[in-house]
Amino acid sequence: MTTRFAQLPKQRADIHLVAHGPTPTLQDGHGHELLVLNATAAALWSLCDGDTAPGEMVDAVCEICNVDHASAKADIERTLDVLTDAGLLEWVHRG
Amino acid sequence: MTTQLRAVVASRHEVYAEALRLALESEVGVDVVSTAASASDAVEEAERWRPDLAVMTVDLRDGSAISACRTLRENGSDTRVLLLAAAADPAELVLALEAGADGYVAEDAGVSGLGAAARRVMEGETVIPELMLGDVLRRLIATRREDDAALSRFNRLSRREQEVLRLIAEGYDHQRIATELVVSPHTARTHVQNVLEKLEVHSRLEAVRFALDHRLLERFVLVGAAEEAS
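**Section: the interface of chain A and chain B**
Many descriptions give the size of an interface as the accessible area lost when the pieces come together.
Okay, step 1: Counting residues at the interface gives 17 residues for chain A and 16 residues for chain B.
Okay, step 2: Buried surface at the junction of chain A and chain B, summed over both partners, amounts to about 1,400 Å²; 60% is from carbon and sulfur atoms.
Okay, step 3: Ionic pairing is found between Arg144(B) and Asp59(A), a salt bridge with its closest N-O pair at 3.7 Å.
Okay, step 4: Scanning the region where chain A abuts chain B turns up five residue pairs in polar contact (both at pLDDT 80 or more).
Okay, step 5: Among the elements of the structure, α1 (39-47) and α2 (54-64) of chain A are those that each provide at least two residues to the side of chain A that touches chain B.

**Concerning the layout of surface pockets**
Okay, step 1: As a volume, the largest pocket reaches approximately 1,100 Å³.
Okay, step 2: Together, 44 residues line the largest pocket, and Ala39(A), Ile128(B), Pro129(B), Glu130(B) and Leu133(B) are the ones closest to its centre.
Okay, step 3: The class makeup of the residues in the lining of the largest pocket is 27 nonpolar, ten polar and seven charged.
Okay, step 4: Only α4 (90-98), α6 (133-154) and α10 (204-213) of chain B provide two or more residues apiece to the lining of the second largest pocket.

**With respect to the pattern of salt bridges**
Okay, step 1: Applying the stated criterion to the full structure yields 22 salt bridges over all chains.
Okay, step 2: Across the pair Glu56(A) and Arg145(B) runs a salt bridge whose closest N-O atoms are separated by 2.7 Å. One end of the pair, Glu56(A), is in helix α2; the other, Arg145(B), is in helix α6, on a second chain.
Okay, step 3: Owing to a relative accessible area of 29%, Arg145(B) belongs among the partly exposed residues under this scheme.
Okay, step 4: Note that Arg80(B) and Asp102(B) form a salt bridge whose closest N and O atoms lie 3.1 Å from each other. With a gap of 22 residues between them, Arg80(B) in strand β6 (residues 80-85) and Asp102(B) in the loop between α4 and β7 (103-106) connect regions that are remote in the sequence.

Procedures and definitions
- Along each chain, the written sequence defines residue order, and numbers are assigned to residues from 1.
- Ligands are numbered from 1 and chains lettered from A, in the order in which they are written.
- Thresholds applied to this predicted model are a pLDDT of at least 70 for local features of residues and 80 or more for the giving and counting of side-chain atom pairs; totals over whole chains, interfaces and linings are not thresholded and use all residues.
- Remark: hydrogens and water are excluded; side-chain values derive from all non-hydrogen atoms of the structure.
- Residues are treated as being in contact if the distance between any of their heavy atoms lies within 4.5 Å.
- The term buried area refers to how much accessible surface (probe radius 1.4 Å) is lost by two components on association, counted for both of them together.
- The salt bridge criterion pairs a side-chain nitrogen of Lys or Arg with a carboxyl oxygen of Asp or Glu, the two atoms within 4 Å.
- Counted as a polar contact is a pair of N or O atoms within 3.5 Å, where, for protein atoms, one must be capable of donating a hydrogen and the other of accepting one, and residues adjacent in sequence contribute only when both atoms are in side chains.
- Per the convention used, a helix needs a DSSP run of H or I reaching at least four residues, while a strand needs a run of E reaching at least two, with both numbered from the N terminus.
- Put simply, the grid is 1 Å and covers the protein atoms alone, a cavity is a trapped set of points that fit a 1.4 Å probe, a pocket is an open set with protein on both sides within 12 Å along at least five of seven lines, and lining residues have an atom within 4 Å of a point.
- Grid points are joined across faces, edges and corners, and a volume is the space filled by probe spheres set on the points.
- Gly is placed with the polar residues, together with every amino acid not listed as nonpolar (Ala, Val, Leu, Ile, Met, Phe, Trp, Tyr, Cys and Pro) or charged (Asp, Glu, Lys and Arg).
- To sort residues, take the accessible area from a 1.4 Å probe on protein chains only and compare it with the maximum for the residue type: under 20% means buried, over 50% means exposed, and anything in between is partly exposed.

Spelled out as structure tokens, the structure:
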């Protein structure tokens, strides 16, 4: 993860967040449900635009939630790992 | 023996404030010790009673509950503050958090949603409507980037130019700046021009706006105080 954090997470173009109803889900272009997210994971997903660094996500989460930096970093890394392992995120260089 | 938790409620409409009182007492079990209709009264009541919780609608009679919240924090209040908004507004939510609010809930959350938010706020959580979280994080990141860029421009200013920026913000013209800094009016004009160029703004007014928006003058004061102390 340390090496990958030099890059920026980006949503795969054909994956969409569907937020109707109580449970947000990630779906492919055919409407197939790929992953069920909780609210925090859905928020992080929305930040995966290929321009926002995980470190910026951690700082922002720390700013609004009463969590320490290490916990926020671990939680965010875990979430991004899950999304990456599911093949929903790609990692790109800034620019 | 348990101590009952206390709350202060503020809404510009008396009927609404009374409804909030009933909702909080029945849903959360707090004792609502006072109600207020204006931001200034809300601050006064919160400082008088030092309650565990203050629940305020955003729009109060003489201003915003956000400014009331900021005043409470500046005065050292540790009362937990929950703001109740007419509609979920991410920009307003970010301002509320920056002012020190502990929670934000929209009216459409209903009485049970308000009660749940109040309980979570009193337990120490920061309550943000789940669907707004992504928006809020995005805005915070954007704000932080803008602040970083502004600070980087501010750091281009020499110590003397930072002083000039402070004087511009205090409304000094070239002549008064020259007198204050004991330099010629021509030199003062050059300093002002350098400030505008380095901040990448086109007028003194824009420079002041820029400095206020990014709280640069506070940094100047802090840096100055630190230097004097060392």
